[in-house]
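Next come the chains, spelled out residue by residue.
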Amino acid sequence: MQTGLGDFIDRTSACAASQPKEGGDQHVVHVVMGNQACDLDSIVSAITLSYFMSLQEEEQVGSSNTIWYPLVPIPAREVKLRTEVTYLFSALNLDIHKLSCLESFPFEKFQGLQQDSLKFTLVDHNSLSSQFSAFSSCVEEIVDHHEDFKANFPALKKKQIEVVGSTATLVAEKFLNHVKGHEAISKDVSLRQLLLGTILLDTVGLDPKFGKTFPKDQMVVKRLCELDPSVDINTFFEAIQKAKFDISSLNTYDLLIKDYKDWTAENGAIYGVASVLLSLEKWISLGEDLCQHFADFCLERNLSILFCMLAYQTDDNVFHRELIVYRPKSPPVSLDFVKLLAELQEGTGKESLQLNPISEEIAHKFASSDVWFFSQQNIKASRKALQPLVHKLLAKL
């Protein structure tokens, strides 16, 4: 019998540490995995959906042969860079050191399991990175809120992709609409507030001006607050938001890897998008050689292009976005950067980022001709908007 989310995290951590045996092991391993950026939404959704699915199984069969494996697919040392994650887990007395991270994942051993002994559920993404491509035949379920890449998963049984601000909204809804799930979320304040805090952060406190809030997010937050009427959602959101933007201890490499994803275009070019929570002016003031860091980062990840999406608030609480585009001197796949940049600047309608080149005064601080700087007037366009746009443009180059 399960006693709560904290107990579930403890047990799954122990299972991950022991790891199942190849071949004759009668247990089914079910990996529930967030995306490679491993932001709060991905981590929380993987853990809580895994917990919900375990409750479902317990209700249906009374016991479980499943080894639940909520996976955080980054090295454990990088979790600390997600300051909003460390803050919220600590505030709710959940042990972040019990998360199952990349170095504990037994790639070779799991590839040796029979296909019906290993299942994958993807949360907060709907296509596998190259690192996990060997497990494409094991993907049975997707729960996500991004554009559907329509990846080929032959064993796929369920796909839930909805326009909401946070995958945690979809997971919380499952708890709220299920008898055993509702009982669990009603009793467990950590579970309740972990999901609530994640939704609030992803939707920027349900503020409609950012374009990240949708009716289902509002409905789910309302229902969660009915279970927790003492919570001041504005204060709760502001505390998590403050933690997210506290990057005072991070260097340039940390800033790049903190919230990073990459994809492979149809022509084989790998492109990466890093979300960085400070202004270009502030980043320059750190005194580090940004272009050298960009070059090293691209080389390390075999990138043909790197985008840095900068997001920050000024002292008068006005939200701003900026964009850096960096081209390695010898990209693994050659691209027509002039055309790509022109297309990005000329976009129209919802896809338009509304980019304006940043003043030459800032640009002249960089000796490299392989980096471009823009202010972004469309503040609603996050990586969720940039990535599919870039993917389409690269397909045409």
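Keep in mind that this is a model prediction, so the values were computed, not measured.

So, how was this worked out
- Residues numbered from 1 in each chain as written.
- Predicted model: local features only at pLDDT ≥ 70, side-chain atom pairs only at ≥ 80, totals over all residues.
- Heavy atoms only, no water.
- Helix = DSSP H or I, 4+ residues; strand = E, 2+ residues; numbered from the N terminus.
- Rg over C-alpha atoms; globule rule 2.2 N^0.38 Å.
- Buried < 20%, exposed > 50% of the residue type's maximum accessible area, 1.4 Å probe, protein only.
- Contact = heavy atoms within 4.5 Å.
- Areas by Shrake-Rupley, 256 points an atom, 1.4 Å probe, with all protein chains shown as cover.
- 1 Å grid on protein atoms, 1.4 Å probe; cavity = no way out; pocket = protein on both sides within 12 Å on 5 of 7 lines; lining within 4 Å.
- Points joined across faces, edges and corners; volume = space filled by probe spheres on them.
- Nonpolar A, V, L, I, M, F, W, Y, C, P; charged D, E, K, R; others polar.
- Core = buried A, V, L, I, M, F, W, Y, C linked by side-chain atoms within 4.5 Å.
- Pairing = 2+ DSSP bridges.
- Axes fitted to C-alpha atoms, helices over the stretch in contact; angles between N-to-C directions.
- Salt bridge = Lys/Arg side-chain N within 4 Å of Asp/Glu carboxyl O.
- Expected span 1.5 Å × (residues − 1).
- Arc of directions from axis to C-beta.
- Parallel < 35°, antiparallel > 145°, perpendicular 65-115°, else oblique.
- Phe/Tyr/Trp six-rings, centres within 6.5 Å; stacked < 30°, edge-to-face > 60°.
- Lys NZ or Arg CZ within 6 Å of the ring centre and 35° of its normal.

(A) Representation of the overall build of the protein chain. Within the protein chain, the regular secondary structure consists of 16 helices and 12 strands. Taking 21 Å as the expected radius of gyration for a compact globule of 397 residues, we find that the protein chain reaches 21 Å, a close match to that expectation. Per-residue burial over the protein chain gives 55% buried out of 397 residues. Of the contacts made within the protein chain by residues no fewer than 6 positions apart, 70% connect residues no fewer than 24 positions apart. Total accessible area on the protein chain stands at roughly 17,700 Å², and carbon and sulfur atoms take up 49% of it.

(B) Region of interest: the layout of surface pockets. Taken as a whole, the second largest pocket holds about 590 Å³ of empty space. In terms of lining, the second largest pocket is formed by 22 residues, of which the most central are Phe245, Leu277, Tyr312, Gln313 and Thr314. Those elements that provide at least two residues to the lining of the second largest pocket are α10 (233-244) and β9 (305-313). It is α10 that contributes the most residues to the lining of the second largest pocket, 4 residues altogether. For the lining of the second largest pocket, the residue count by class is 10 nonpolar, 6 polar and 6 charged.

(C) Here's a closer look at the nonpolar core. Core analysis: the largest hydrophobic core is formed by 59 residues, its most contacted members being Leu5, Phe89, Leu99, Phe175 and Leu195. Among the elements that make up this core, the one with the highest residue count is helix α2 (residues 40-61) (10 residues). Those residues in contact with Leu99, other than ones at most four positions away along the chain, are Ile43, Ile47, Val72, Val79 and Phe89.

(D) Representation of the sheet that holds strand β10 (residues 319-326) in the model. The mixed open sheet is built from 6 strands, whose spatial order is β7-β8-β9-β10-β12-β11. Of all the strands in the sheet, just β7 (260-264) and β11 (355-357) have a single pairing partner and so form its edges. Neighbour-to-neighbour, the strand axes of this sheet turn through a mean angle of 25°, independent of strand direction. Where β7 lies against strand β8 (residues 270-276), 5 bridges are found, and the strand directions are antiparallel. For Lys261, the partnering residue across the bridge sits in β8 and is Val273. The strands touched by helix α13 (residues 290-301) are β7, β8, β9, β10 and β12 (371-376); relative to β10, the strand with the most contacts, the crossing angle is about 65°.

(E) Expanded view of the pattern of salt bridges. According to the stated counting rule, one finds 15 salt bridges in the structure shown. Residues Glu58 and Lys180 are paired through a salt bridge, measuring 3.6 Å at the closest nitrogen-oxygen approach. Pair noted here: Glu58 is in helix α2 and Lys180 is in helix α7 (residues 179-187), with a separation of 122 residues, a long-range link. We note that Glu58, like Lys180, is buried.

(F) Representation of unusual backbone geometry. Phi is positive for Leu206, close to 65°, though the residue is something other than glycine. By the element assignment, Leu206 lies in the loop between α8 (189-202) and α9 (215-227). Residue Leu206 is classed as buried on the basis of its relative accessible area, which comes to 17%.

(G) Here's a closer look at α9. When the terminal C-alpha atoms of α9 are compared, their 19 Å separation across 13 residues agrees well with the 18 Å that a helix rising 1.5 Å per residue should span. Every buried residue of α9 is listed here: Asp217, Val220, Val221, Leu224 and Cys225. Down the axis of α9, the smallest arc covering the buried residues is 135°, so these residues share one side. Across α9 from its buried face, at more than 90 degrees, point the exposed residues Pro215, Lys222 and Glu226. Turning to α9, the residues buried within the fold contact α6 (167-176), α7, α8 and α10.

(H) Representation of the sheet that holds strand β1 (residues 28-33) within the structure. Strand order in the open sheet formed by 6 strands is β3-β2-β1-β4-β5-β6, and the pairing between neighbours is parallel. A single partner strand is all that each edge strand has here, and the edge strands are β3 (100-101) and β6 (158-161). Of the pairings in the sheet, the one linking strand β5 (residues 139-144) to β6 comprises 4 bridges and is parallel in character. By the bridge assignment for β6, Ile142 is matched with Lys159. Lying on the sheet, α2 is in contact with β1, β2 (66-72), β4 (118-123) and β5; it crosses β2 at an angle near 170°. Against the sheet, α6 touches β4, β5 and β6, its axis set at about 110° to β5.

(I) A look at the packing of α7 against α8. Packing of α7 against α8 leaves a shortest axis separation of 5 Å and a crossing angle of 95°. Judged on the interaxial angle alone, α8 and α7 are roughly perpendicular. Taken together, the residues of α8 that come into contact with α7 (itself represented by Ala184, Ile185, Ser186 and Lys187) are Val189, Leu191, Arg192 and Leu195.

(J) Just the environment of Gly34, in detail. Following the sequence through the fold, Gly34 ends up in the loop between β1 and α2. Through-space distance from the C-alpha of Gly34 to that of Pro388 is 19 Å; in sequence the pair is 354 residues apart. Sequence-distant contacts of Gly34, defined by excluding residues within four places in its chain, comprise Ser42, Ala46, Leu71, Pro73, Val123 and His125.

(K) Highlighting the packing of aromatic side chains. Scanning all chains against the criterion turns up 21 aromatic pairs. When the centroid spacing of 6.4 Å and the interplanar angle of 45° are considered together, the rings of Phe132 and Phe135 count as tilted. Overall, Phe132 belongs to the buried group, its relative accessible area being 2%. You can call Phe135 buried: its relative accessible area is 2%. Over the face of the ring belonging to Phe297 we find Arg301, whose NZ or CZ atom lies 4.1 Å from the ring centre. Here the guanidinium or amino end of Arg327 rests over the ring plane of Phe337, the centre of that ring lying 5.0 Å away.

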